[in-house]
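These are the residues of each chain, in order.
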Amino acid sequence: MRYGIAIDTGNCMACYNCYMACKDEHCGFSTAVSAPQPHENHPWIQIYDYERGNDNRRIKTATVPTPCSHCADAPCAKAAKNCAVYTRPDGIVIIDPVKAKGQKAIADACPIGAISWNEELALPQKCTMCAHLLDEGYREPRCVEACPNDALVFGDLDDPDSEIARRIAAGRVTQLEALEGIRTNVVHLNIPTVFLAGSVYLPDDEVAIGAVVTLRGEDGEEIAVRTNDFGDWEAEWLRKGAVYDIRIELSGYRAETLHVCADTDRFVGEVLLGKE
Ligand code: SF4
Ligand code: SF4
């Protein structure tokens with residue numbers, strides 16, 4: 001058995017319920033595997049959100065909740081003395097609240113900054129996946145229980161029939177860049193890659209409704225979308241850094257082609273289709 005959490009970022013609405021549930025569970029309480037979490041700051045699950053797009057005609061946001069990833073062969077464990085960080089048989093990585101005292105190097109070793117340094121207790125602290133509750137028979141950690149939008153799924157990664165295994169198989173898995181090459185028990189799904197968007201007009205300031213916009217990548221990848229009732233189009237999940245030929249076609253009008261690099265989320269501009 002290997003416990004894990006799948007984080008479907010596409011479902012996260014940045015409500016912070018998970019963060020608050022974590023505070024509720026850990027502030028002011030010691031457990032068998034942790035000392036109390038401070039009341040302010042020191043998030044054991046961080047909610048990273050950022051704006052996407054280069055032009056206010058098409059701006060989107062993305063949210064990436066990020067607790068400790070519970071790495072196999074964890075970098076924080078390698079930095080610890082006296083086996084102060086250990087992995088349980090169920091895969092949960094624990095910082096021993098007694099042995100880790102004074103070991104700031106443990107907090108500094110996490111590549112994603114998932115460990116807070118508790119100055120008052122001189123202790124590195126992080127998510128325990130609520131191991132103390134699981135050991136008492138609870139079904140899932142408090143953050144997962146608190147999520148109202150099915151963005152967090154807990155379960156046994158080794159069981160192919162589990163909900164978590166099913167969600168991971170069906171989703172787009174994104175390894176956090178800083179943890180490249182490390183197997184983790186927390187898996188992020190559906191972190192957006194790159195989008196391109198634009199608007200299509202016709203003579204006399206009319207918007208082009210239903211125009212076909214076809215994006216062809218250098219490797220033969222092809223994505224086709226249509227303009228909506230406002231003449232706008234958008235293509236998501238593009239390969240970052242790939243160059244696309246974008247052909248815009250509408251019956252009765254001359255087709256136009258753009259050549260765009262998907263290096264970042266981008267509004268590529270307005271295109272006018274002239275009459276044939
Ligand atoms: S994400 Fe950071 S704190 Fe968590 S196990 Fe990996 S190295 Fe340690
Ligand atoms: S509770 Fe769920 S939806 Fe709300 S911030 Fe956390 S992961 Fe996102």
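Residues numbered from 1 in each chain as written. Chains lettered and ligands numbered in written order. Predicted model: local features only at pLDDT ≥ 70, side-chain atom pairs only at ≥ 80, totals over all residues.

Draft legend 1. Structural view of the domain arrangement of the protein. Per the domain assignment, the segments of the protein are domain 1 (3-189) and domain 2 (194-272). Per-element accounting of the side of domain 1 that touches domain 2 gives the leading share, 4 residues, to strand 2 (residues 45-55). Across the side of domain 1 that touches domain 2, the residue classes break down as no nonpolar, 2 polar and 4 charged. (Domains from an automatic or database assignment. Helix = DSSP H or I, 4+ residues; strand = E, 2+ residues; numbered from the N terminus. Nonpolar A, V, L, I, M, F, W, Y, C, P; charged D, E, K, R; others polar.)

Draft legend 2. Fine view of the sheet that holds strand 10 (residues 186-189). Here 4 strands make up an open sheet; going across it, the order is 8-1-10-9 and the pairing mixed. Of all the strands in the sheet, the pair left with one neighbour each is strand 8 (152-156) and strand 9 (173-174). In this sheet, strand 10 lies alongside strand 1 (residues 3-8) in parallel orientation, the contact comprising 4 bridges. For Ile7, the partnering residue across the bridge sits in strand 10 and is His188. Here helix 6 (residues 163-170) sits on the sheet and contacts strand 1, strand 8, strand 9 and strand 10; the angle it forms with strand 8, its principal contact strand, is near 120°. (Pairing = 2+ DSSP bridges. Contact = placed C-beta atoms within 7 Å. Axes fitted to C-alpha atoms, helices over the stretch in contact; angles between N-to-C directions.)

Draft legend 3. Looking closely at unusual backbone geometry. Phi at Ala14 takes a positive value of approximately 55°, unusual for a residue other than glycine. Summarising the element assignment, Ala14 is placed in the loop between strand 1 and helix 1 (17-26). You can call Ala14 partly exposed: it has 15 C-beta atoms within 10 Å. Backbone geometry at Asn82 places phi at a positive 55°, although glycine is not the residue there. Mapped onto the secondary structure, Asn82 falls in the loop between helix 2 (75-79) and strand 4 (85-87). Overall, Asn82 belongs to the exposed group, with 10 C-beta atoms counted inside 10 Å. (Buried ≥ 20, exposed ≤ 12 C-beta atoms within 10 Å, placed from the backbone.)

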